[in-house]
Amino acid sequence: MKPAHVDPEHQNALIYCADDNALPSALFSASRAALLNPDRRFDILVCSLSPIALPRYFLDLGIKPVHLDYTDHLKAAGVRERHLPITAFLRLWLPKAFADTYERILYVDTDTDIVDPSLSDFDLLDLGPHAIGGVRDKQQWTEIDRSIHEFKSRDLGRGAYMNGGVMLIDTEAFNRRGLLARLLRTNETMAPFIHHDQSLVNLTLRHEWAELHPHWNWQGALWYHRFTAEAAPRIIHYVGPYKPYNTNGNQLHYPSEIVKGYADFMAAHFPDRPQPEVPSHSRLGKARIALKMRYDDLRLTRQLRPLSGRFRDDFEVFT
């Protein structure tokens, strides 16, 4: 396996894995990270299994395109694509690819929005004895001890279940412990999975990952917009089938200003691609949407506060 070819400027990196379809959303998030963090202590990489050429605008922001020619490795490992592109599994090879380049990798999915002007502070998070840190999956946000089907169906009992969309990785610890080999053994012995690479990580590393504050991977913001603004998370993750850049006709799920942010970005940088449709509602329609949003906020906020309340601040880590 060849090391990645990149000229590092920092010892840590924020990394996206994207194919051509996911490239615009990856660059939306990456550019937000760059613009909000001009004095950052991390590089920003967009990795792909095929060569990608970025417009000058993104290169000038310091975003680095990296071709990782690992398609044969992924196929040989037998990872199953189903409805996800095989690129989704590339994240598992990042610590190997950048073993001699970066001490820490903050991997983020392409359906995220970086809203933190102090994102460099991820280097202050203490992972304790673990190689990976992450946030509980939204399945356990309103019920922390909820039984997870993937554990229960394999008689593994209850346990914390991590969302794989944001992972903080200590590259040296990951490689020294042979975690890639362990993940691939899980793929051989426990497939098929419900959540693909996320399933691999959770079934392999039960009780072996550090739990971060939900602010580092704020999921489900489309159900509690007001609470999201109040919580002031660092990374917003648009989980689920409806994205602000691809609502599949369900524009009611997102406030128009969020969809407009993506629409303006797409019009400026990818005018030849399908464009997000900014919702337009009547006065009555807007009132109904506002009422529903307020109801969801009141109902879910009460259930969500205990999750965040377990942490003293964004830098407390449960190991």
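Higher on the page you've got the structure.
In this text the structure is predicted, and so the values were computed from the model without any measurement.

Caption draft 1: Representation of helix H1 (residues 23–36). Counted at 1.5 Å a residue, the expected span for H1 with its 14 residues is 20 Å, and the 20 Å between its end C-alpha atoms agrees. Among the 14 residues of H1, 11 are classified as buried, and the element is accordingly described as predominantly covered. The complete set of buried residues in H1 reads Leu23, Pro24, Ser25, Ala26, Leu27, Phe28, Ser29, Ala30, Ser31, Ala33 and Ala34.

Caption draft 2: Region of the structure containing the packing of helix H7 (residues 179–190) against helix H8 (residues 197–204). Following both chains from N to C, one finds H7 and H8 inclined at 105°, their axes separated by 9 Å at the closest point. Relative to H8, the element H7 is oriented roughly perpendicular. Along its contact with H7, which presents Arg182, Leu183, Thr186, Asn187 and Met190, the element H8 presents Leu200, Val201, Leu203 and Thr204. Split into classes, the residues belonging to the contact of H7 with H8 amount to 5 nonpolar, 3 polar and 1 charged.

Caption draft 3: Region of interest: the sheet that holds strand E10 (residues 235–237). What the 3 strands build is an open sheet, ordered E5-E10-E9; its pairing is mixed. In this open sheet, the two edge strands, each paired with only one partner strand, are strand E5 (112–114) and strand E9 (218–219). As judged from the 2 bridges shared by E9 and E10, these two strands associate in the parallel manner. Following the sheet pairing, glutamine 219 is matched in E10 by histidine 237.

Caption draft 4: The arrangement of the nonpolar core in detail. Core analysis: the largest hydrophobic core is formed by 51 residues, its most contacted members being Leu14, Tyr16, Leu27, Ile44, Ile63, Leu106 and Leu119. In terms of residue count, H1 provides more of this core than any other element does, 7 residues in total. In this structure, Val66, Phe89, Leu92 and Val201 belong to the second largest nonpolar core, which totals 37 residues.

Caption draft 5: How the structure looks around helix H10 (residues 256–269). An ideal rise of 1.5 Å per residue puts 20 Å on 14 residues; H10 measures up with 20 Å between its terminal C-alpha atoms. Along H10, the positions that sit buried rather than exposed are Val259, Tyr262, Ala263, Phe265 and Met266. All buried residues of H10 project into a common sector of 160° when viewed along the axis, lining one side. Exposed residues lying more than 90 degrees from the buried face of H10 are Glu257 and Ala268. In this fold, the buried residues of H10 make contact with H1, helix H2 (56–60) and E5.

Caption draft 6: Representation of the pattern of salt bridges within the structure. This model, assessed by the stated rule, comprises 17 salt bridges. Through salt bridges with shared partners, a single network forms among Arg41, Asp121 and Asp123.

Caption draft 7: How the structure looks around unusual backbone geometry. At histidine 207, a residue that is not glycine, the phi angle is positive and equals roughly 65°. Tracing the chain through its elements places histidine 207 in the loop between H8 and strand E8 (210–211). Using a relative accessible area of 59% as the deciding quantity, one classes histidine 207 as exposed.

Caption draft 8: Local environment of the pairing of strand E4 (residues 104–108). Here E4 lies mainly inside the structure; 5 of its 5 residues are buried. The side-chain alternation of E4 yields two buried faces, one formed by Arg104, Leu106 and Val108 and the other by Ile105 and Tyr107. Bridge count for strand E1 (residues 12–17) against E4 is 4 bridges, and the pairing is parallel. Bridge pairing in E4 links alanine 13 to isoleucine 105. Sheet topology note: the E4/strand E7 (residues 166–170) ladder contains 5 bridges and is antiparallel. By the bridge assignment, leucine 106 is partnered in E7 with leucine 168.

Caption draft 9: Region of interest: the packing of aromatic side chains. For the structure shown, the criterion picks out 14 aromatic pairs. Seen in terms of ring centroids, phenylalanine 265 and phenylalanine 270 are 6.2 Å apart; in terms of plane orientation they differ by 45°. Their pairing is tilted. Phenylalanine 270 shares its class with phenylalanine 265; the two are buried. The rings of Phe28, Tyr57, Phe58, Tyr238, Tyr245, Tyr262, Phe265 and Phe270 are connected pair by pair, giving a single aromatic cluster.

Caption draft 10: Just the sheet that holds E1, in detail. Read across the sheet, 7 strands follow the order E3-E2-E1-E4-E7-E6-E8 without closing on themselves; strand pairing throughout is mixed. A strand with exactly one partner marks an edge of an open sheet, and here the two such strands are strand E3 (63–67) and E8.

Caption draft 11: Just the packing of H1 against H10, in detail. The geometry of H1 relative to H10 is characterised by a closest axis approach of 11 Å and an angle of 105° between their N-to-C directions. Accordingly, the angle class assigned to the pair H1 and H10 is roughly perpendicular. Facing H1, whose interface residues are Pro24, Leu27, Phe28 and Ser31, H10 presents Gly261, Tyr262, Phe265 and Met266.

What counts as what
- Residues numbered from 1 in each chain as written.
- Predicted model: local features only at pLDDT ≥ 70, side-chain atom pairs only at ≥ 80, totals over all residues.
- Heavy atoms only, no water.
- Helix = DSSP H or I, 4+ residues; strand = E, 2+ residues; numbered from the N terminus.
- Expected span 1.5 Å × (residues − 1).
- Buried < 20%, exposed > 50% of the residue type's maximum accessible area, 1.4 Å probe, protein only.
- Axes fitted to C-alpha atoms, helices over the stretch in contact; angles between N-to-C directions.
- Parallel < 35°, antiparallel > 145°, perpendicular 65-115°, else oblique.
- Contact = heavy atoms within 4.5 Å.
- Nonpolar A, V, L, I, M, F, W, Y, C, P; charged D, E, K, R; others polar.
- Pairing = 2+ DSSP bridges.
- Core = buried A, V, L, I, M, F, W, Y, C linked by side-chain atoms within 4.5 Å.
- Arc of directions from axis to C-beta.
- Salt bridge = Lys/Arg side-chain N within 4 Å of Asp/Glu carboxyl O.
- Phe/Tyr/Trp six-rings, centres within 6.5 Å; stacked < 30°, edge-to-face > 60°.

Interpretation in functional terms is not warranted from these geometric data alone.
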